[in-house]
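Listed here are the chains, written in short residue letters.
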Amino acid sequence: MNLNCCCNFNGRPLIQDGRLVESNWDDYCNAIFEKNIIEYGASFDQFILMACEDFNDAIALLPFAVHPQAIKIAKNWGYESSDIRHLRIDELKGRGLYPIEKRTAFDQVEWVA
């Protein structure tokens, strides 16, 4: 994934004329989602927490005026509020599954193949 400070994703603008380019942002959210499945595994509870951190970082790079729209689209890809994430973290801690570790490179390749 390549998101730079100029708000482009793989050469495609996320912001154009001060507005969010929804299709490009949706593609970027999909890339975040897929990256975290590969890196953290198939457990939704675990990989979605990590994806939310990536969503937060990406949203922070966007102009503030488009944050509500960007968050709405990111929610379609599993983005959760910080309150829900804290509940999810508490549940994972109770099951001994937190902190979350990345899968080994071998497991990542095996899962994709």
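Scroll up a little and you will see the structure.
Below is a short write-up of the structure. (Residues numbered from 1 in each chain as written. Predicted model: local features only at pLDDT ≥ 70, side-chain atom pairs only at ≥ 80, totals over all residues. Heavy atoms only, no water.)

### What to know about the overall build of the chain
This is how it is decided: Numbering of helices and strands runs from the N terminus, with a helix taken as a DSSP run of H or I at least four residues long and a strand as a DSSP run of E at least two residues long. The criterion used for residue contact is that any of the two residues' heavy atoms lie within 4.5 Å. Per-residue and other accessible areas follow the Shrake-Rupley method at a 1.4 Å probe size, with only the shown protein chains counted as cover for residues.
When helices and strands are tallied, the chain shows 5 helices and 4 strands. Order of helices (α) and strands (β) in the chain, N terminus to C terminus: β-β-β-β-α-α-α-α-α. Excluding contacts between residues fewer than 6 apart, the proportion of contacts in the chain whose partners are at least 24 apart in sequence is 60%. Entry remark: accessible area of the chain is about 6800 Å², with carbon and sulfur atoms responsible for 53%.

### Focus: helix 2 (residues 44-61)
The criterion, for reference: A helix is expected to span 1.5 Å for every residue after the first. Think of it in three bands: residues with accessible area under 20% of the maximum for their type are buried, residues over 50% are exposed, and the middle band is partly exposed, with areas taken using a 1.4 Å probe on protein chains only.
Its 18 residues give helix 2 an end-to-end C-alpha distance of 25 Å, which sits within 8% of 26 Å, the value for a rise of 1.5 Å per residue. Within helix 2, the full set of buried residues consists of Asp45, Gln46, Phe47, Ile48, Leu49, Met50, Ala51, Cys52, Asp54, Phe55, Ala58 and Ile59. Looking at the buried positions of helix 2, the neighbouring elements they touch are helix 1 (22-40), helix 3 (67-75) and helix 4 (82-94).

### With respect to the environment of arginine 85
Mapping arginine 85 onto the fold places it in helix 4. Judged by relative accessible area, arginine 85 falls into the buried class, the value being 11%. Remark: the alpha-carbon pair of arginine 85 and leucine 49, spanning 36 residues in sequence, is separated by 6.6 Å. Not counting the four nearest positions on each side in its chain, arginine 85 is found in contact with Leu49, Cys52, Glu53, Asn56, Tyr79 and Glu80.

### Structural notes on the side chain of glutamate 80
The test is simple: Nitrogen and oxygen atoms within 3.5 Å of one another constitute a polar contact, given that in protein one can donate a hydrogen and the other can accept it, and given that sequence-neighbouring residues count only through two side-chain atoms.
In this fold, glutamate 80 is placed in the loop between helix 3 and helix 4. Since its relative accessible area comes to 10%, glutamate 80 is described here as buried. In this structure the side chain of glutamate 80 is engaged in a polar contact, spanning 2.4 Å, whose partner is the side chain of arginine 88. For glutamate 80, the residues in contact, after removing those within four places along its chain, are Phe44, Ile48, Cys52, Arg85 and Arg88.

### Some words on the packing of helix 1 against helix 3
Quick reminder of the rule: To obtain an axis, a line is fitted to C-alpha atoms, over the contacting stretch when the element is a helix, and the angle between two such axes runs from 0 to 180 degrees between their N-to-C directions. Comment on the angle field: the value is read as roughly parallel under 35 degrees, roughly antiparallel over 145, roughly perpendicular from 65 to 115, and oblique elsewhere. Helix crossings fall into two classes, left-handed where the near helix is turned counterclockwise from the far one by less than a right angle and right-handed where it is turned clockwise. Three classes are used: nonpolar for Ala, Val, Leu, Ile, Met, Phe, Trp, Tyr, Cys and Pro, charged for Asp, Glu, Lys and Arg, and polar for all others, with Gly counted as polar.
At a minimum axis separation of 9 Å, helix 1 and helix 3 run at an interaxial angle of 50 degrees. Comparing the axis directions of helix 1 and helix 3 gives the class oblique. As helix 1 runs across helix 3, the sense of the crossing is right-handed. For the pair formed by helix 1 and helix 3, the contact residues are Glu22, Trp25, Asp26 and Cys29 on the first element and Gln69, Ala70, Ile73 and Ala74 on the second. Across the contact of helix 1 with helix 3, the residue classes break down as 5 nonpolar, 1 polar and 2 charged.

### Quick notes on the side chain of glutamine 46
Tracing the chain through its elements places glutamine 46 in helix 2. Residue glutamine 46 is classed as buried on the basis of its relative accessible area, which comes to 16%. Discounting residues that sit within four places of it in the chain, glutamine 46 has contacts with Tyr40, Leu92, Leu97 and Ile100.

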